[in-house]
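A look at the structure
One letter stands for each residue in the lines below.
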Amino acid sequence: MKNIVVVGGCFAGITVANKLVRKLRRKDAKVILIEPNEFNIYEPQYVFWGFKKYPQSKFTKPMNKVLSGKVTWLRTVATHIDSVKKQISLSNGETLPYDYLVLATGAKMDEAQVDSYDDDKIHHFYLADATKKLQDALKNFAGGTIVISPSTVPYKCPPAPAEFTFLLDTYLRKNNLRDKTTIKYLYPLMRPYPEARVSEKVQKLFDKRGIEFVEFFNYETVDKENRKVISLEGEEIEYDLLVLIPPHMGHEIIIDSDLGDREGFVRTDRFTLKVKDQENMYAIGDCTDMPISKSGAAAHFSAPALIKNILLEMKGKVPTKKYGGFTVCFVVTSFRRSLLLVFSYNYAPRKFGLHNLFLYGLFKKAFKIVYFKALIKGYL
Ligand SMILES: Cc1cc2nc3c(=O)[nH]c(=O)nc-3n(C[C@H](O)[C@H](O)[C@H](O)COP(=O)(O)OP(=O)(O)OC[C@H]3O[C@@H](n4cnc5c(N)ncnc54)[C@H](O)[C@@H]3O)c2cc1C
């Protein structure tokens, strides 16, 4: 019997584990998932949650509701991977051997690098506690300048900062604060979104809503005493409230096990999802250095290739199944509208469908249900 170990049990890891146990007979393989957290969070909800308080349980499910009973869950942290001995060290001092390993450790939100998130004027919406703090700040906001900026690239869900900005504009209008507020969107490129055609649409919407775009802003640091955000090039932008997407990097285990690039993202073959220069080791989701968006959708569409390749290897065959980079992305442009984009390694994002109410409904109301009932369970 083979041991297939998945390190990291959020969207990517749970999906892979759930799909694997449905493809394999119990006598052939044991699928083990290592994850310290007891709950799974539907992260796209954070973008909306910043504006309205409701219980986190509305977009969180306990592990036993999303993970198949056929997967062995170890509620602990993996601390090191020895790829020569093919074993994983755990925080409880035990070691776990593997025949096949799947890394799904995601990206670490390195709040400590900014060292200012305790300030009541500096916020983000990428983690639960930070989003709760942002809710309070927006509730107490009476006008001034709000600045939105990523601190590093890549970051999870490329449209999320722009989506937040659109929702912020709508929120301020609803609360009669828009004419007392300047919104500035800072971005490291010459356009407000990585891809040119989508960017054109985003820029048009920014212009229409009076959102100021500051190009080529490479975040360097915050001067919290003088309320200024400063770029690598020395540009200074004043704020009354700063929404700074936290720095993203790989987790310690990837760095300490020498499996990562400079930022700690796993060096991964973008087609087969095999970890480069390693045997029987795969990676998926936000922990990889693959040239696709760090998104649940990308993890979902790449999972079948990874699973097929493990199955091929188990049969003694060469893992030749390729992922073509196909993924989709919803871009919320107000509380009522969104765009749907599709893209792959072979073509840049194409706008699919219209900027319409139907897709908003699909995203906001139905998608959370699809996520918990079907996607993460590996049925789709
Ligand atoms: C605000 C926001 C909006 C978003 N919107 C969208 C969207 O609209 N569409 C979309 O597709 N995606 C969206 N995303 C991105 C999506 O949520 C993530 O890309 C997805 O959750 C990544 O899943 P993952 O499993 O790869 O990584 P993660 O969710 O980061 O999970 C990694 C897991 O690994 C565990 N782990 C880490 N290190 C260890 C270790 N040493 N031992 C054991 N376990 C470990 C962690 O505890 C964690 O549970 C959004 C994200 C955010 C923050």
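Cut-offs applied
Residues numbered from 1 in each chain as written. Predicted model: local features only at pLDDT ≥ 70, side-chain atom pairs only at ≥ 80, totals over all residues. Helix = DSSP H or I, 4+ residues; strand = E, 2+ residues; numbered from the N terminus. Rg over C-alpha atoms; globule rule 2.2 N^0.38 Å. Buried ≥ 20, exposed ≤ 12 C-beta atoms within 10 Å, placed from the backbone. Contact = placed C-beta atoms within 7 Å. Near = placed C-beta within 6 Å. Nonpolar A, V, L, I, M, F, W, Y, C, P; charged D, E, K, R; others polar. Domains from an automatic or database assignment. Pairing = 2+ DSSP bridges. Expected span 1.5 Å × (residues − 1). Bend = angle between axes of the 7 residues up to and from the residue. Axes fitted to C-alpha atoms, helices over the stretch in contact; angles between N-to-C directions.

1. A few points about the overall build of the protein
- If you tally the helices and strands in the protein, you get ten helices and 23 strands.
- The C-alpha radius of gyration of the protein comes to 21 Å, within 12% of the 21 Å expected for a compact globule of 380 residues.
- Taken along its principal axes, the extent of the C-alpha atoms in the protein is 65 × 45 × 40 Å.
- A buried classification covers 44% of the 380 residues belonging to the protein.
- Considering only intrachain contacts with a sequence separation of at least 6, the fraction spanning at least 24 residues in the protein is 63%.

2. Quick look at the site of the ligand
- Taken together, 37 residues sit near the ligand, with Gly 8, Cys 10, Glu 43, Gly 106 and Gly 285 positioned nearest.
- Listed by contribution, the elements that provide at least two residues to the shell around the ligand are α1 (11–23), α2 (46–49) and α9 (296–314).
- Its residues assigned to classes, the shell around the ligand comprises 22 nonpolar, ten polar and five charged.
- Per-domain counts for the shell around the ligand show at least three residues from each of domain 1 (2–107 + 250–325) and domain 2 (111–248).

3. A word on the sheet that holds strand β14 (residues 212–214)
- Strand order in the open sheet formed by five strands is β11-β18-β12-β13-β14, and the pairing between neighbours is parallel. Because the sheet does not close on itself, it has two edges, and the strands there are β11 (122–123) and β14.

4. Section: α9
- Between the first and last C-alpha of α9 there are 27 Å, a value that for 19 residues agrees with the 27 Å anticipated at 1.5 Å per step.
- At Ser 302, α9 shows its largest kink, close to 35 degrees, and the proline Pro 304 lies no more than four residues downstream.
- If you check which residues of α9 are buried, you get Gly 296, Ala 297, Ala 298, Ala 299, His 300, Ser 302, Ala 303, Ala 305, Leu 306, Ile 307, Asn 309 and Ile 310.

5. A word on unusual backbone geometry
- A cis amide bond links Val 153 with the next residue in sequence, Pro 154, at an omega value of 0 degrees.
- Mapped onto the elements, Pro 154 comes out in the loop between β12 (144–150) and α6 (160–174).
- Even without a glycine there, the phi angle at Asp 258 is positive, about 55 degrees.
- For Asp 258, the position within the fold is in the loop between α8 (252–256) and β20 (281–283).
- Given 9 C-beta atoms within 10 Å, Asp 258 falls into the exposed group.
- A positive phi angle is found at Leu 273, which is not glycine, with a value near 70 degrees.
- As for its placement among the helices and strands, Leu 273 is situated in the loop between α8 and β20.
- Leu 273 gets classed as buried once you count the C-beta atoms within 10 Å, which come to 30.

6. Side note on the domain arrangement of the protein
- If you check the domain split of the protein, you get domain 1 (2–107 + 250–325) and domain 2 (111–248).
- Taken together, the contact pairs 14 residues of domain 1 with 18 residues of domain 2.
- Examining the composition of the side of domain 1 that touches domain 2, we find that four residues originate from one element, α2, more than from any other.
- Here the residues of the side of domain 1 that touches domain 2 sort into seven nonpolar, four polar and three charged.

7. Considering the sheet that holds strand β15 (residues 219–223)
- Judged by pairing direction, the sheet is antiparallel, and its three strands sit side by side in the order β15-β16-β17 without closing on themselves. Each edge of the open sheet carries a strand with a single partner, namely β15 and β17 (236–238). Direction aside, neighbouring strands of the sheet carry axes that sit 25 degrees apart on average.
- Judged from the four bridges that link them, β15 and strand β16 (residues 228–231) form a sheet pairing that is antiparallel. Across the sheet, the residue bridging to Asp 223 is Lys 228, located in β16.

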